[in-house]
Amino acid sequence: MVSTVILPKDYATLILNISTQTLTKAQKRWRVAFVAIYFSRGMISVARDIVPKKTNFSPISEIISTPSYTVLNIEPNVREENDSVHPDKTENLPGCSSFDTIDKTKLTDMMRNKNLEELRRVGDVEGLTRALQTDPDNGIQGTEEDVIQRRNTFGPNTYQKPPPKGLLFHIVEAFKDTTILILLVCAALSLAFGIREDGLKEGWYEGGSIFVAVFLVIAVSAASNFRQERQFQKLSKISDNIMLDVMRGGRRQKISIFDIVVGDVVFLGIGDQIPADGVFLNGHSLQVDESSMTGESDHVEVDLVQNPFLISGSKVADGHARMLVVSVGTNTAWGQMMSSINHDSNEQTPLQARLDKLTSSIGKVGLVVAFLVLTVMLARYFTGNTEDDDGNQEYHGGKTEVNDIINSVLRIVSTAVTIVVVAIPEGLPLAVTLTLAYSMKRMMADQAMVRKLSACETMGSATVICTDKTGTLTMNQMTVTKFWLGQENMGEDYSDAISPEVAELFHQGVGLNTTGSVYKPVSGNMPEYSGSPTEKAILSWAVLKLGMNMEELKQNSNIIHIETFNSEKKRSGVLARRRADNTIHVHWKGAAEMVLAMCSHYYQSNGVVNLISEYERTQFEKIIEGMAASSLRCIAFAHSKMQEEDMQHKGEGTSNKKLKEDGLTLLGIVGLKDPCRPGAKKAIQTCRSAGVDIKMITGDNVFTAKAIATECGILGPDQQVNSGEVVEGIEFRNYTSEERMEKVENIRVMARSSPFDKLLMVQCLKQKGHVVAVTGDGTNDAPALKEADIGLSMGIQGTEVAKESSDIVILDDDFASVATVLRWGRCVYNNIQKFIQFQLTVNVAALVINFVASVSAGEVPLTTVQLLWVNLIMDTLGALALATERPTNELMHNPPVGRTEPLITNIMWRNLLAQAIYQITILLTLQFKGKSIFNVNETVKNTLIFNTFVLCQVFNEFNARKLEKKNVFAGILKNHLFLGIIAITIILQIVMVEFLKKFADTEKLNWGQWGACIAIAALSWPIGYFVKFIPVAKRPFLSYLRR
């Protein structure tokens, strides 16, 4: 028997010559695998012969520890015909084999250090793509198993945030308050001396009561701050959840930034945040802002050869691209940096700063009163002018025991300290925090996400809103409704009326010059379009009306250079080579009048090219004006052939190529209809009635802008325009500074504006004293959003750069939500004013009563525990009750609050002084005549004073709900929290009086005494009603005192 030796070459011949008809499905796959390996080996051997020996490049990366072909994992039972992934899109996708062969550390280091040499060793971006088992065109498989394996192998795209501050932290912080510490010392001394004098059974009451009251105040304050912290954490998670476009399984889809995995192919456009570390796959004119990572303000150009690295946390400044994700989460420099940063939610807003000053001023008054009370009471005690509960003189000089002296002095000091506690309105910052946290939560439900706390309150003072048109006033649902080819309106069915040559040029002009894409399911369903609403509308029109085949078009053309669209140029262009005849074509698409200005000829539907005469140019301009007057956005297409030498002399390299911009041939003009949002007109009317001026700033031409502004109610009916109400951006830009300041108030619509024009308008309005809110969605809107008092970015169309520059994100891009934010802003300010009025009434009454009583009678009617209870009612429970009122329609009937408007208005002074004077009169009457009026002893009299004082605050809390309206009960049944807090306060007061005799130092009251207390307190309502008939001066009350 003779053995035959078969060489490797013979194996190849043997396998290649086997008839495919005799092979099983598994054998066919083996055959394909063998051919692939055999071919790659052949190419490598050829490359070795060609590449010089000194070159260190190798097709096998050091990142991959074993030869590249070991990554290929052929499984005999792969997808069957009925798999859910379509074979036409996924047959070229790599199998999801193990990634154990990849050195993750070297991969991470390569990205972090931007190591181009290491990337070359991998085999460039192409080799890295193979190693990560990704298809550059179709992405990863995207099955659940594939994504899970990648996440388990390379980690998730999340970073470990520092843990939020717990409840214990806030309790410790509350203990750091100076007045609280003084009270705790007094409580400890009082407890010690009380136990020493009266024993443990009876002696702990006074000191223990103060301890309990102080701990209760601390617990409520800490719990409120802890709840606010958690609320901010939740909102932070929502704001960080960016949606991105990725390609998975051959299909473009939106996923969360947290769901990105290594190997994903991500689409990047202007303003997008780079979600992870990765490399450039393909794209055009890509420039990246890496200032957040490097501090360098200059934009970095990214390409496939010199700098293919894309760093997480950077922003796309210009161009568009696809990137391959290489490192995610904490494996990126951005992830490591963010893990070490603790986002502090204790941002102090301007209103909180003003309230801190107010708190400080009131606190100083309280300190003076407390010091006077302390001085007078100590003097009266040591001069023998005070009596104990049995009517005996307390101090007898040297005969008085030291314990008695210390106890009495401690009681006096404790009372003085408690007066300070009551006087200092520490509930004001709490009220601001509560109302901001509450309004933020509610605004989220109303499609507005607050990024900066100060915006909540500032929005209430807004006097001007500068709004975009597209997507804000309109629905951003574009459809092509008009098509002019030459000077012929093409009507409805024109597929057969256009010559094949012109149709082919339209296919190129639409399909190659776009940032959108078309996905055609195999099942025969309607194509799916992705991209901006404008891009989707044009793509849909070209596919359905002109029969464009996107895949075939891209196969037949080679894109050489792209000039991306931006709001300055208002057009985009593409330079492409047609493979069939090797001709080079330039296509432009953009604002109709701007593209028309670049054209010297135009196509007719039959393919004939005509020169554009002056008359015909005028006719085209009238066509554009007519479409724009019908609220249509006009987009024109232009084309020209270029010679090879014309393209090459522009300079070497793609980035230096410049597209031809004159002597073009106009292909046609389409009109896109974007209907007004249903609630926009009503929202604009609401803002106007609230004294807020609305200005529309748009990039569309003046005719479209006027039509939409009329439809939305910004301009009068029938587009009646007064002089100076509608301007173009270039006109506004060319005004002198004085002219701009003179005319900016009258402008209602600015058309053909650039982002610089928007910034200029914001600056002018602010100089005029306006509080300006601005909406924006593009990267170039960032300066105006930052310059404005309130920046409002769009959640759907807005870029990440715009969102980061804004204070509030409008999640549904709807102007009605902007009006809602205005309502909430006014509500926040109004709620704070309600609480200030309520608290100052208590402050004034408590200080005057205690001071007068201590000076005249040598004692205060309210004990330390009772004062702490009043403090709890007015600070914490009062803040909860009044700071959570929802906005009402009446808020939108008032003029905006100016920058210099005092926090405490004359109306508030009128209301609070009336109530304070009433309470002081009643309580001092009870102090000096209460025993004889009610025929009771000293303890019952003091209980009556305490009970009446607390009930006065309960009734006055209703008065505080409305600063000007006489009906304080309007809408009260809708505010369940307010009613609940009132009920809790009353129940706790009953418990304090009736059941906690020793704790609160009270006596039980009979039904008649309770009725008297309620009747006296209820008089607060009629007083509050009638006092609102008293007119007040416009000049601030405190300004008279400053003279």
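Residues numbered from 1 in each chain as written. Predicted model: local features only at pLDDT ≥ 70, side-chain atom pairs only at ≥ 80, totals over all residues. Heavy atoms only, no water.

This part is about the overall build of the protein chain. Helix and strand content of the protein chain: 38 helices and 26 strands. Per-residue burial over the protein chain gives 51% buried out of 1043 residues. Contacts in the protein chain between residues far apart in sequence, at least 24 positions, make up 73% of those at least 6 positions apart. With an accessible surface of roughly 47700 Å², the protein chain has 55% of that area assigned to carbon and sulfur atoms. (Helix = DSSP H or I, 4+ residues; strand = E, 2+ residues; numbered from the N terminus. Buried < 20%, exposed > 50% of the residue type's maximum accessible area, 1.4 Å probe, protein only. Contact = heavy atoms within 4.5 Å. Areas by Shrake-Rupley, 256 points an atom, 1.4 Å probe, with all protein chains shown as cover.)

On the surface, Arg227, Arg230, Lys234, Lys237, Lys441, Arg442 and Arg886 cluster together into a positively charged patch. No other element matches helix H10 (residues 205-240), which puts four residues into the positive patch. Looking at the secondary structure, you find Arg230 in helix H10. (Patch = residues over 30% accessible without salt bridge, like charges linked within 9 Å, V, L, I, M, F, W, Y side chains within 5 Å. Salt bridge = Lys/Arg side-chain N within 4 Å of Asp/Glu carboxyl O. Lys, Arg positive; Asp, Glu negative; His and termini not counted. Charge placed at Lys NZ, Arg CZ, Asp CG, Glu CD.)

Turning to the UniProt feature "transmembrane region" (unreviewed entry) in the protein chain, a few remarks are in order. Under the UniProt annotation, "transmembrane region" (unreviewed entry) lies at residues 178-195, 207-226, 362-382, 412-438, 840-858, 864-883, 976-995 and 1007-1027. Structurally, residues 1007-1027 comprises 95% helix and 0% strand, and the distance from its first C-alpha atom to its last is 31 Å. (UniProt positions renumbered as here; feature names shortened; annotations may be inferred.)

Looking now at the sheet that holds strand S22 (residues 726-728). On the basis of which strands lie adjacent, the open sheet formed by eight strands has the order S8-S26-S25-S24-S9-S21-S23-S22 and mixed pairing. Of all strands in the sheet, those with a lone pairing partner are strand S8 (448-450) and S22, marking the two edges. In this sheet, neighbouring strand axes are inclined to one another by 20° on average, regardless of whether the strands run parallel or antiparallel. Bridge analysis of strand S24 (residues 772-776) against strand S25 (residues 790-794) gives four bridges, and the strand direction is parallel. By the bridge assignment for S25, Gly776 is matched with Ser793. (Pairing = 2+ DSSP bridges. Axes fitted to C-alpha atoms, helices over the stretch in contact; angles between N-to-C directions.)

Ranked by internal contacts, the top residues of the largest apolar core, which has 139 residues, are Met459, Ile465, Ile790, Ile808, Phe815, Ile836 and Phe949. At 19 residues, helix H30 (residues 815-857) tops the list of elements feeding residues into this core. When residues no more than four places from it in sequence are discounted, the contact partners of Ile808 are Met443, Ala448, Met449, Val450, Arg451, Ala455, Ile790, Gly791, Leu792, Ser793 and Val821. Among the nonpolar cores identified, the runner-up in size contains 41 residues, and Met247, Leu268, Val288 and Val325 belong to it. (Core = buried A, V, L, I, M, F, W, Y, C linked by side-chain atoms within 4.5 Å.)

A few words now on the environment of Asp177. Within the secondary structure, Asp177 is located in the loop between helix H8 (167-175) and helix H9 (178-203). The class of Asp177 is partly exposed, set by a relative accessible area of 35%. Along the chain, Asp177 and Ile218 lie 41 residues apart, while their C-alpha atoms are 9.7 Å from each other.

Quick look at a nonpolar patch on the surface now. Nonpolar side chains collect at one region of the surface, where Ile986, Ile990, Phe995 and Leu996 lie side by side and expose about 350 Å² of accessible area between them. Turning to its location among the elements, Ile990 is positioned in helix H34 (residues 976-994). By relative accessible area, which is 35% here, Ile990 ends up partly exposed.

Here we take up the confidence of the model for the protein chain. The predicted coordinates of low-pLDDT regions are not to be read in fine detail. Put simply, the protein chain has an average pLDDT of 79, and 82% of its residues get 70 or more. Scored below 50 in pLDDT, residues 1-22 shows 14 contacts in the model against residues more than four places distant or in partner chains. When the criterion is pLDDT under 50, residues 44-96 qualifies, and its contacts beyond four places in sequence or with other chains add up to 74 contacts. (pLDDT = per-residue confidence, 0-100.)

Below, the discussion takes up unusual backbone geometry. Despite not being glycine, Gln133 has its phi angle at roughly 55°, a positive value. Given the relative accessible area of 4%, Gln133 is considered buried. Positive phi outside glycine occurs at Asn582, with the angle close to 65°. With respect to the secondary-structure elements, Asn582 resides in the loop between strand S15 (571-578) and strand S16 (583-591).

Between the first and last C-alpha of helix H18 (residues 533-546) there are 19 Å, a value that for 14 residues agrees with the 20 Å anticipated at 1.5 Å per step. Those residues of H18 that sit buried are Pro533, Thr534, Glu535, Ala537, Ile538, Leu539, Ser540, Trp541, Ala542, Val543 and Leu546. Count one or two residues on from H18 and you reach Gly547, which has phi positive near 70°. (Expected span 1.5 Å × (residues − 1).)

What follows covers the pattern of salt bridges. In a structure, side chains of opposite charge can pair up when their charged atoms sit close to one another. Using the criterion set out here, one finds 27 salt bridges in the structure. Between Asp124 and Arg120 there is a salt bridge, with its nearest N and O atoms 2.7 Å apart. We note a salt bridge from Glu885 to Arg961, for which the minimum N-O separation is 2.7 Å. In this pair, Glu885 sits in the loop between helix H31 (864-882) and helix H32 (906-934) while Arg961 sits in the loop between helix H33 (938-959) and H34, placing the two residues 76 residues apart along the sequence. You can call Glu885 buried: its relative accessible area is 6%. Residue Arg961 is classed as buried on the basis of its relative accessible area, which comes to 2%. Each of Glu117, Glu118 and Arg121 takes part in a single network of salt bridges with overlapping partners.

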